[in-house]
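Listed here are the chains, written in short residue letters.
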Amino acid sequence: MDSHNGEADDLPPPPPLNAGDEPLKAEEIKKPSKPKRDLVPRKGFGKKGQPIRLVTNHFKVSLKNTEEFFYHYYVNLKYEDDTPVDRKGAGRSVIEKLQQTYATELANKDFAYDGEKSLFTIGALPQVKNEFTVVVEDVSSGKTPANGSPGNDSPPGSDRKRARRPYNTKTYKVELSFAAKIPMSAIAHALRGQESEHTQEAIRVIDIILRQHSAKQGCLLVRQSFFHNNPSNFVELGGGVMGCRGFHSSFRATQSGLSLNIDVSTTMIVKPGPVVDFLINNQKVDFPQKIDWAKAKRTLKNLRIKISPSNAENKIVGLSDRPCRETMFTLKRRNGDNVDTEEISVYDHFVRNRGIELRYSADLPCINVGKPKRPSYFPIELCNLVSLQRYTKALSTLQRSSLVEKSRQKPQERMSVLSDVLQRSNYDSEPMLMACGISIAKSFTEVDGRVLQAPKLKAGNGEDIFTRNGRWNFNNKRLIRASSVEKWAVVNFSARCNVRDLVRDLIKCGGMKGIKVENPFDAFEENPSMRRAPAVRRVEDMFEQVKTKLPGAPKFLLCILAERKNSDVYGPWKKKCLAEFGIVTQCVAPTRVNDQYLTNVLLKINAKLGGLNSMLQVESTPAMPLVSKVPTMILGMDVSHGSPGQSDVPSIAAVVSSREWPLISKYRASVRSQSPKMEMIDSLFKPRGTDDDEGLIKECLLDFYTSSGKRKPEQIIIFRDGVSESQFNQVLNIELDQIIEACKFLDATWEPKFTLIVAQKNHHTKFFIPGDPNNVPPGTVVDNKICHPKNYDFYMCSHAGMIGTTRPTHYHILHDEIGFTPDDLQELVHSLSYVYQRSTTAISVVAPICYAHLAAAQVGQFIKFEEMSETSSSQGGHTSAGSVPVQELPRLHEKVKSSMFFC
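These numbers come from a predicted model, not from an experiment.

Basis of the calculations
- Residues numbered from 1 in each chain as written.
- Predicted model: local features only at pLDDT ≥ 70, side-chain atom pairs only at ≥ 80, totals over all residues.
- Heavy atoms only, no water.
- Helix = DSSP H or I, 4+ residues; strand = E, 2+ residues; numbered from the N terminus.
- Rg over C-alpha atoms; globule rule 2.2 N^0.38 Å.
- Contact = heavy atoms within 4.5 Å.
- Areas by Shrake-Rupley, 256 points an atom, 1.4 Å probe, with all protein chains shown as cover.
- Lys, Arg positive; Asp, Glu negative; His and termini not counted.
- Charge placed at Lys NZ, Arg CZ, Asp CG, Glu CD.
- Patch = residues over 30% accessible without salt bridge, like charges linked within 9 Å, V, L, I, M, F, W, Y side chains within 5 Å.
- Salt bridge = Lys/Arg side-chain N within 4 Å of Asp/Glu carboxyl O.
- UniProt positions renumbered as here; feature names shortened; annotations may be inferred.
- pLDDT = per-residue confidence, 0-100.
- Axes fitted to C-alpha atoms, helices over the stretch in contact; angles between N-to-C directions.
- Parallel < 35°, antiparallel > 145°, perpendicular 65-115°, else oblique.
- Left-handed = near helix turned anticlockwise from the far one by under 90°.
- Buried < 20%, exposed > 50% of the residue type's maximum accessible area, 1.4 Å probe, protein only.
- Pairing = 2+ DSSP bridges.
- Phe/Tyr/Trp six-rings, centres within 6.5 Å; stacked < 30°, edge-to-face > 60°.
- Expected span 1.5 Å × (residues − 1).
- Disulfide = S-S within 2.5 Å.
- Nonpolar A, V, L, I, M, F, W, Y, C, P; charged D, E, K, R; others polar.

1. Details of the overall build of the protein chain
What the protein chain contains, in helices and strands, is 19 helices and 41 strands. What you see for the protein chain is a C-alpha radius of gyration of 31 Å, in line with the 29 Å of a compact globule of 903 residues. Taking the contacts inside the protein chain whose residues are at least 6 apart along the sequence as the reference set, 74% of them involve residues at least 24 apart. Accessible surface for the protein chain amounts to roughly 39,000 Å². Of this, 49% is attributable to carbon and sulfur atoms. The average position of the 122 basic charges and that of the 102 acidic charges among the side chains of the protein chain differ by 4 Å.

Listed below in structure tokens is the structure:
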């Protein structure tokens, strides 16, 4: 569940572009005079490989009505007193009521409404400026508390008030002002490969129609996915969190026409039911008295609850400072013409005046659903969390693995679920789709794939490695460049582990692979008194032992941890070794130590110490098309963000670069922090004065130069991960410019050629083999039919999908000055899936991008970014990117900064 930017089609609503949408610091460096680069068009199709017939989860869409126009109106919602409507989710009920009330004035038109500020109709509304007053029955507490308020003037849930008015109504003012006119023909043009500026907008309108279709059925909408309130779709993940199964659907313009892409999708929701049960689960405590209420307040903020017995729905704004029996309010009662007032506790009021039995609320805080100046308190046991509320905090390792395990489906199962949802979704009945003349086919689209031959690999002693189904092993083989493990020691952070046996086995296994592992200086056991100390103290203490007992600085430290995941010692230990002392280190948490385990550990150690486990045959000869001819550097770039609920955890940008040309199997990494949620990398080029550049790219260029026999790269191939289609232009025109500036800064006359490729895994296209229960074979590539009508893209499954359904990587070539043929480019990408030093398998995305993830994750652990402020509510208090100064990450020590420390 990677927290990358969402779907490709999340375009901001046209007229008032939100100021925070493109926080680009890089603008300062950009020279306005430069002509804008455009995406390179497709150069043809690949021919290599064994043909294979596939089907994909795209469903053909036919369009009849292309003469019409969509009219876009900007929606402005206000209360009676002209204050803007701040309540999320109020819009849909208001617009629905508007449509019922003013059908004739609105020429009986159907609406496509996005729930926020944009509304679309087919053909124009009668007036240009449309202002209406709409009265909506209020089921939840908005402006007027639906059931009184134990704040100042009436008892909570006062029945008299409810009896007089069967329900509360609320009056809204709705303004619809004309924003734009979008020709439906833009969709038809796109299908002929002639995209216009209206294409994305027109497709966005029909996406909104689909979302609205789901919203009417009471679904939770998350970007382009929808989730039904059906408990059979929920799975327990522990900690008060549930996985909820739903579906993604979006329209895509493809070579063979418009298609609807439907896929299974999963999101996390808060477990519905009593608030106390949720908190007990969430904080893993035995009973309510142990709940940490400060933490609870952050977790509950903005969640919706139903309050019994009236069943009114409200939003939690906070908790009372005192327990229920001590939380007082003024109760007002009519007595003839007078009003009697009485100070009473919330607990007494509910028990004595309302006759409601409270079993456990007396000593717990109350839930506040009121306004800042006018709280409205309810005993906690009357409050139940409503279903289908997103949980946006980061999942624990256990929850995450449980989610993955419970949401995976074999290809056949996934196909039948998708066919089923399409039959049941009943899109043909959606009036707006009918009006556009849109109908959706019920069968999967057929595509032609090709299976590329696996690249040949070399091991030590000139031996060939034979790969089968994207996998291989080092049985009876030596590593191609084995390093030696010398001047080393073991440290054990209180793990139950037989250190002597582990060292003996490691030395033996290393010998078989050609790695000379000497005897360690010593094995240091953690002082038992330190076991409960804070992680940073434990690391300091261990280093004191190492420094006092070793004759000199060690070259390598093997660190044994007690927990496999989430060890709090890991980050501080890595920081100490890599940033302060420049010592190569490998952490292990051994459970079952066997030959396979030891080999995997040695693969990582060898790569970190500067060795190479295997390499491509075409590297050793060197015989790669275009890459082996002239010095070529390969970059992998990625930005990783905190979880959606953490609005203030810095994002981490990593750039990985190849070294020792003509190799493409050795890499090094540079990492920087930047503003939260900012997707563009802002530290590629950072000039300081006229003679220094503190950017990421300069480090890569200098390292390439020194490691490749004092040669500058004449060609640079960039793989960029994690950007959606709406950001391609920024990568192409801003990031690429910064990389060019960094080159010019070192040498003004130097003009390397660039090829820029974006890799996306965050999409919903899947491939299936008709009539075969297995996943597509590794090396499968598709560049026709469901690919873009004009742009240069292809899908590749380079790995063997062992579990679930293989997710192909979608590669988009944005720029290609080097001039690869489609076959050469696809072969290069395929080969780069076979150079990942940590495993003996082909991986699903090119190795440099994988390394960029690893480097960002590891260096990100050097600093513990806490869940900082209360804005990290469960609904994500998003701050606009680029607004706060960001804590810098420590730089790596000279001795290790060019190593594969991330392996």
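2. Regarding a positive patch on the surface
On the surface, Lys297, Lys301, Lys315 and Lys371 cluster together to form a positively charged patch. Within the fold, Lys301 resides in the loop between helix H6 (293–300) and strand S13 (304–307).

3. Focus: the UniProt feature "domain: PAZ" (unreviewed entry) in the protein chain
The positions UniProt marks with the feature "domain: PAZ" (unreviewed entry) are residues 274–387. The annotated region residues 274–387 carries 22% helix and 35% strand content, and the separation between its end C-alpha atoms amounts to 11 Å.

4. Quick look at the confidence of the model for the protein chain
Mean pLDDT over the protein chain: 86, with 90% of residues reaching 70 or higher. Between residues 141–166, whose pLDDT stays under 50, and residues either more than four places distant or in other chains, the model counts 63 contacts.

5. What about the packing of helix H5 (residues 275–283) against H6?
With their axes 11 Å apart at the nearest point, H5 and H6 run at an angle of 110 degrees to one another. Considering the angle they form, H5 stands roughly perpendicular to H6. For H5 against H6, the interelement crossing comes out right-handed. Along the contact surface, H5 presents Val275, Phe278, Leu279, Asn282 and Gln283, while H6 presents Trp293, Lys295, Ala296, Thr299 and Leu300.

6. Here's the deal with the pairing of S13
Within a regular beta strand, the side chains point alternately toward one face of the sheet and then the other, so they alternate between its two faces. The side-chain alternation of S13 yields one buried face, formed by Ile305 and Ile307, and one unburied face, formed by Arg304 and Lys306. Sheet topology places S13 next to strand S14 (residues 312–315); 4 bridges connect them, and they run antiparallel. Paired with Ile305 across the strands is Asn314, a residue of S14. Hairpin remark: S13 followed by S14, antiparallel, with 4 residues in the connecting loop; positive phi at Asn311, about 65 degrees. Inspection of the sheet shows S13 paired to strand S20 (residues 383–385) by 3 bridges, in the antiparallel sense. Each bridged residue has a counterpart across the sheet, and for Ile307 the counterpart in S20 is Cys383.

7. Focus on the packing of aromatic side chains
Summed over the entire model, instances satisfying the criterion amount to 20 aromatic pairs. Each ring, one from Tyr73 and one from Phe178, has its centre 6.0 Å from the other, and the planes form 70 degrees; the classification is edge-to-face. Taken together, the residues Tyr73 in strand S2 (residues 69–79) and Phe178 in strand S6 (residues 168–183) connect sequence positions 105 residues apart. Taken together, a centroid distance of 5.2 Å and an interplanar angle of 75 degrees make the contact between Phe901 and Phe902 edge-to-face.

8. Focus on the sheet that holds strand S19 (residues 377–378)
Two orientations exist for strands paired in a sheet by backbone hydrogen bonds: parallel and antiparallel. One open sheet accounts for 3 strands, arranged S15-S18-S19; its pairing is antiparallel. Lying at the two open borders of the sheet, with one neighbouring strand each, are strand S15 (318–323) and S19. Running at roughly 155 degrees to S15, H6 makes contact with S15 and strand S18 (365–368) of the sheet.

9. Things to note about the sheet that holds S20
Ordered by their spatial adjacency, 4 strands build an open sheet running S12-S20-S13-S14, and the pairing between neighbours is antiparallel. In the strand order of this sheet, the two ends are held by strand S12 (273–274) and S14, each with one partner.

10. Notes on helix H16 (residues 696–707)
Its 12 residues place the ends of H16 17 Å apart at the C-alpha level, agreeing with the 16 Å of an ideal helix rising 1.5 Å per residue. Those residues of H16 lying buried are Leu696, Ile697, Lys698, Cys700, Leu701, Asp703, Phe704 and Ser707. Of the surrounding secondary structure, the elements contacted by the buried residues of H16 are strand S31 (632–640), strand S32 (651–658), strand S33 (667–674), strand S35 (692–693), strand S36 (715–721) and helix H17 (728–746). Directly after H16, the chain includes Gly709, whose backbone phi takes a positive value near 65 degrees.

11. As for the state of the cysteines
Applying the stated criterion across every chain, the model contains 0 disulfides. Free cysteine: Cys497, not disulfide-bonded; nearest cysteine sulfur from Cys559 at 11 Å. By relative accessible area, Cys497 is classed as partly exposed at 21%. For the unlinked cysteine Cys700, the closest cysteine sulfur is that of Cys743, found at 10 Å.

12. A word on the pattern of salt bridges
Under the counting rule described, the total for this entry stands at 43 salt bridges. Salt bridges sharing common partners tie together Arg481, Arg659, Glu660, Lys666 and Asp703.

13. Some points on the environment of Asp737
Structurally, the position occupied by Asp737 is in helix H17. Take Asp737: its relative accessible area is 9%, and that puts it in the buried class.

14. What to know about the packing of H16 against H17
The N-to-C vectors of H16 and H17 enclose an angle of 55 degrees; their axes lie 9 Å apart at closest approach. With respect to H17, the element H16 is oriented oblique. In this structure, H16 meets H17 at a crossing whose hand is right-handed. Every residue of H17 that contacts H16 at Ile697, Lys698, Leu701 and Leu702 is listed here: Ile739, Ala742, Cys743 and Leu746. Grouping the amino acids of the contact of H16 with H17 by side-chain chemistry returns 7 nonpolar, no polar and 1 charged.

15. Remarks on helix H4 (residues 199–215)
Taking 1.5 Å of rise per residue, the 17 residues of H4 would be expected to cover 24 Å, and the 24 Å separating its terminal C-alpha atoms lies within 8% of that figure. When you tally the buried positions in H4, you get 14 out of 17 residues, the bulk of the element.

16. A look at the environment of Ala482
Here Ala482 shows up in the loop between strand S23 (464–465) and strand S24 (484–485). Owing to a relative accessible area of 36%, Ala482 belongs among the partly exposed residues under this scheme. For the pair formed by Ala482 and Leu609, sequence separation is 127 residues and the distance between their alpha carbons is 9.1 Å. Sequence-distant contacts of Ala482, that is, excluding residues within four places in its chain, are made with Lys513, Gly514, Ile515 and Asn606.

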